[in-house]
Structure formats: structure tokens, C-alpha cells
Amino acid sequence: LSNNNTLWCASVIALSFVALLAWVKRGASPAAHWRHRRFAALMVPFALVGTTLGIAALGALFEGHGKFVNSSTARLYVDRIALEAIWDRPLSLLIGQGWGRASEIILVHLNASGAVLWDQSWDGTVRRYVDLHNVILESVLAAGVPAFLGILAMMAMVPLYARRGL
């Protein structure tokens, strides 16, 4: 089994939302089918935000424990960096800072991570991050809040327009 705390956290949260959806849908008439699809589409943003917050909480829980930083704490460091980059340029909430700039943003705002950099417990100084591992912050930093809303809408379309038998 994997020792990746982020994977376990995301799996538990995602399965919780699937279980909630199955519980709501049980015993439903065929006429209620569209109502359940709309409910599933509304659950997409909550699942995405819930998973992101759950991973951040797990990272905060494990921060400072042990010699090496686990994956959820490393993601927390990168999230702090992304939030600092947004705080540094508030206009990026509207227009973004451009796709593919994760490596540059991490290096520019490395101090905002809160990580102890001198003991090399986090590989943020030597590893080349090609993305932020967070779809919310990545889309907001790249193209602003409108891009994030577009990604949410696209993800919500899946349950809305899935075939009936699925």
C-alpha cells in the first residue's frame, strides 16, 4: 500500500462524496434522475474544494513531525507559496500570471512556504515543480478566477450529461 498521505486523504474524501451521492439516489424513481444529476453536478465543486482543504489540513497536521516532509506537508508549502504569489499581485485574481510559471513562482516566493530550507528536509529548492499540484490555485494563478470557474463548470458537466445507465 502507498505511504502517500495525500492520496489517502483524497481517496477518503472522494469516496465520502460518492457514498453521499449513492445514499441520496437510493430508491429514486426514474423521474428524479435529473434531480440527482444536478445534485451530482453541485457536488463537484464541494468535492474539489473539500479535497483541497483536507489535504491542506493533513499537511498542517504533519508539519514539523519527523526529519523528512511527507507529500501533504510539501503540498501545504506549495499552497502557501501560491497564496503569497496571489497576495503579491492581486490583479492575478482577475487575469492570472500565465500558464507554466509554477517553477518560477515557487523560486520567487520560496520563503513564504514556512519550510526549514537549510536542513534539506523538503526538496523544494532542488526539485523542478512543473505544476502546483492543486487545481484551484493552479488555475487561479495561471488565468484568474474566471479560469477556475470555467474548470468547475467543465467538471460539473460530466454528471449532468453522462449517459443514464452510468
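Residues numbered from 1 in each chain as written. Predicted model: local features only at pLDDT ≥ 70, side-chain atom pairs only at ≥ 80, totals over all residues. Heavy atoms only, no water.

Caption draft 1: Molecular detail of the confidence of the model for the protein. With 77% of its residues at a pLDDT of 70 or more, the protein has an overall mean of 76. At the low end of the mean pLDDT range in the protein sits helix α1 (residues 5–25), at 69; at the high end sits helix α4 (residues 92–95), at 90. (pLDDT = per-residue confidence, 0-100. Helix = DSSP H or I, 4+ residues; strand = E, 2+ residues; numbered from the N terminus.)

Caption draft 2: View of the packing of helix α3 (residues 71–88) against helix α6 (residues 135–143). Two numbers describe how α3 lies on α6: the axes approach to 10 Å, and their chain directions differ by 25 degrees. With respect to each other, α3 and α6 are oriented roughly parallel. Judged by the sense of rotation from one axis to the other, the crossing of α3 with α6 is left-handed. Within the contact between the two elements, α3 uses D79, A82, L83, A85 and I86 and α6 uses L137, V140 and L141. (Axes fitted to C-alpha atoms, helices over the stretch in contact; angles between N-to-C directions. Parallel < 35°, antiparallel > 145°, perpendicular 65-115°, else oblique. Left-handed = near helix turned anticlockwise from the far one by under 90°. Contact = heavy atoms within 4.5 Å.)

Caption draft 3: The side chain of Q97, seen in detail. Within the fold, Q97 resides in the loop between α4 and α5 (102–108). With residues near it in sequence (within four places) discarded, Q97 still touches A85, R89, S92, I105, L141 and A142.

Caption draft 4: Just the environment of I95, in detail. Checked against the element boundaries, I95 lands in helix α4. With a relative accessible area of 52%, I95 lands in the exposed category. Considering only alpha carbons, one finds I95 and A147, 52 residues apart in sequence, at a separation of 8.9 Å. When residues no more than four places from it in sequence are discounted, the contact partners of I95 are A142, A143 and G144. (Buried < 20%, exposed > 50% of the residue type's maximum accessible area, 1.4 Å probe, protein only.)

Caption draft 5: Up close: unusual backbone geometry. Look at H133: it is not a glycine, yet its phi comes out positive at around 60 degrees. Locating H133 in the fold gives a position in the loop between α5 and α6. You can call H133 partly exposed: its relative accessible area is 36%.

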